[in-house]
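So the chains spell out like this:
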Amino acid sequence: CLVFLMYFPLWLRAYLTRVWVSPFTLLFMSWRKVNPTTIIDAKIMSVQSGIKDISTRQLEAHYLAEGNVQRVIKALIAAHRANIKLDWNT
């Protein structure tokens, strides 16, 4: 029950912005030492800007590699708005 209360607000925010993530995914992120709020915020920004092909796993991997997830997402959004062909792998 405590786990549910910890992750429910974050899951609800993701759900209301049409970012589909399971509550168990949020729990597993914490077990892997990934900050779920950082990942979900980045995912929300990307989906709301029209970039829907970035998976949660890719964001987690970048976070675990000590990359700046927020900065990369903002760069992808800027490239998307400027009609520059830039994907996650590039």
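Structure shown above.
Residues numbered from 1 in each chain as written. Predicted model: local features only at pLDDT ≥ 70, side-chain atom pairs only at ≥ 80, totals over all residues. Heavy atoms only, no water.

*Asks:* Could you give an account of the overall build of the chain, naming the residues involved and the relevant values?
*Replies:* Secondary structure summary: the chain contains five helices and zero strands in total. For the chain, the sequential pattern of α-helices and β-strands runs α-α-α-α-α. For 90 residues, the compact-globule estimate of 2.2 N^0.38 gives 12 Å, and the chain sits close to it at 13 Å. The dimensions of the chain, computed from C-alpha atoms along their principal axes, are 45 × 30 × 15 Å. Expressed as a percentage of its 90 residues, the buried residues of the chain come to 31%. Pairs at least 24 apart in sequence give 59% of the contacts found in the chain among residues at least 6 apart. Carbon and sulfur atoms provide 60% of the accessible area of the chain, an area that totals close to 6,100 Å². Averaging the locations of the 11 positively and 5 negatively charged side chains of the chain gives two centres separated by 6 Å. (Helix = DSSP H or I, 4+ residues; strand = E, 2+ residues; numbered from the N terminus. Rg over C-alpha atoms; globule rule 2.2 N^0.38 Å. Buried < 20%, exposed > 50% of the residue type's maximum accessible area, 1.4 Å probe, protein only. Contact = heavy atoms within 4.5 Å. Areas by Shrake-Rupley, 256 points an atom, 1.4 Å probe, with all protein chains shown as cover. Lys, Arg positive; Asp, Glu negative; His and termini not counted. Charge placed at Lys NZ, Arg CZ, Asp CG, Glu CD.)

*Asks:* Outline the layout of surface pockets, supporting the account with residue identities and numerical values.
*Replies:* The gaps left among the atoms become clear once a water-sized probe is rolled over them. Empty space within the largest pocket amounts to approximately 170 Å³. Residue lining of the largest pocket: 13 residues in total, with Ile 51, His 80, Ile 84, Leu 86 and Asp 87 positioned closest to the centre. (1 Å grid on protein atoms, 1.4 Å probe; cavity = no way out; pocket = protein on both sides within 12 Å on 5 of 7 lines; lining within 4 Å. Points joined across faces, edges and corners; volume = space filled by probe spheres on them.)

*Asks:* Help me get a handle on the nonpolar core, residues and values and all.
*Replies:* Generally speaking, a soluble globular protein has its nonpolar side chains buried in company with each other. Counting 21 residues, the largest nonpolar core has Leu 26, Ile 40, Ile 54, Leu 59 and Ile 73 as the members making the most contacts within it. Secondary structure elements with two or more residues in this core: helix H1 (2-16), helix H2 (23-31), helix H3 (36-48) and helix H5 (69-81). Looking at this core, the element that brings in the most residues is H3, giving five residues. (Core = buried A, V, L, I, M, F, W, Y, C linked by side-chain atoms within 4.5 Å.)

So far we have only geometry, and geometry alone does not tell us how the molecule works.
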